[in-house]
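Summary of the model geometry
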Amino acid sequence: MTSERKQILEMLAAGKVSVEEAERLLQLTAGGPGATSVDSSAAAISLRVSDPKFIRIMVEPAENSDSKKDQHHVNIRIPLKIVRAGVNLASLLPGDTGKMVQGSLLEKGYMSDISKLDSSALDELIEALQELSIDATVDNHSVKVFVE
Amino acid sequence: MVMWIRFRWFGLWIPLFLLWPILLVLWLLFLPIVMIGMAVTGRISRFWKVIHLTFAAYEMVCATRGLRVEVRNDRTTFQIFLI
């Protein structure tokens, strides 16, 4: 077992990541669907910033890609405050609307029930995000997800 | 809060902070109508929930400050910044 896989399983056992997140990470380390190549140094999970404010998603062409035609640059910065504000808003939604949101999330494969997400669970979720950093190579593009 | 949108060559600054007073006035104008509607339909107990929902929606909008989306390739550029 590689150190990355072991680290992911330890994080799952400690409840720092959900089953779906762990599965996705394992797929990345194993070169599963959605990941064409990931070397051992590319899929890294490490301790990061102590007080993160943003989730950053960056996609840049890999250094060895020569064709300039299909090169995409994506730079997304999402404030973490949105997560907390979104959960507050969702908790106030009327019953029927809440069920619709829950149904849409289930359709997209998010199995967690947002109505049961209280402030302590939210703190744990944000704490887990602090430690997550993904660095992978997909379709000749370097994909980085981290908090800052 | 100010929004910057750019699509290809077209860029636009939108001063969102100027919209808040307009939205507040509209909300205050519609509030009595909402209250009457709730009283008629027997759902006046949900009034405080409507108030809380409004504040939560405002909080959600404020939380988007700092959002940055930038997508570029050889043909096009798309940017949204919330500052």
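Now for a look at the structure at hand. What you see is a predicted model, and the numbers here were worked out from it, not measured in a lab. (Residues numbered from 1 in each chain as written. Chains lettered and ligands numbered in written order. Predicted model: local features only at pLDDT ≥ 70, side-chain atom pairs only at ≥ 80, totals over all residues. Heavy atoms only, no water.)

1. What to know about helix α3 (residues 81–92) of chain A
- End to end, α3 of chain A covers 17 Å across 12 residues, agreeing with the expected 16 Å (1.5 Å per residue, within 8%).
- Listed as buried for α3 of chain A are Ile 82, Ala 85, Val 87 and Leu 92 of chain A.
- Of the surrounding secondary structure, the elements contacted by the buried residues of α3 of chain A are β2 (73–79) and α5 (119–130) of chain A together with α2 (47–63) of chain B. (Helix = DSSP H or I, 4+ residues; strand = E, 2+ residues; numbered from the N terminus. Expected span 1.5 Å × (residues − 1). Buried < 20%, exposed > 50% of the residue type's maximum accessible area, 1.4 Å probe, protein only. Contact = heavy atoms within 4.5 Å.)

2. With respect to the packing of α3 of chain A against α5 of chain A
Residues and elements named next belong to chain A.
- Following both chains from N to C, one finds α3 and α5 inclined at 155°, their axes separated by 11 Å at the closest point. By the angle between their directions, the pair α3 and α5 is classed as roughly antiparallel. The hand of the α3/α5 crossing is right-handed. Contact with α3, carried on its side by Val 83, Arg 84 and Val 87, involves Leu 122, Asp 123, Leu 125 and Ile 126 of α5 and no other residues of that element.
- Looking at the contact of α3 with α5, its residues break down into 5 nonpolar, no polar and 2 charged. (Axes fitted to C-alpha atoms, helices over the stretch in contact; angles between N-to-C directions. Parallel < 35°, antiparallel > 145°, perpendicular 65-115°, else oblique. Left-handed = near helix turned anticlockwise from the far one by under 90°. Nonpolar A, V, L, I, M, F, W, Y, C, P; charged D, E, K, R; others polar.)

3. Observations regarding the sheet that holds strand β3 (residues 68–72) of chain B
- Strand order across the open sheet formed by 8 strands is β3(A)-β4(A)-β1(A)-β2(A)-β3(B)-β4(B)-β1(B)-β2(B), with antiparallel pairing between neighbours. Where the open sheet ends on each side, the last strands, each with one partner, are β3 (134–138) of chain A together with β2 (10–15) of chain B. Strand-to-strand twist in this sheet, taken as the mean axis angle between neighbours without regard to direction, amounts to 10°.
- Both strand β1 (residues 54–61) of chain A and β2 of chain A contribute to a ladder of 6 bridges, which runs antiparallel. Looking at β2 of chain A, one finds that Ile 57 of chain A is bridged to Ile 76 of chain A. (Pairing = 2+ DSSP bridges.)

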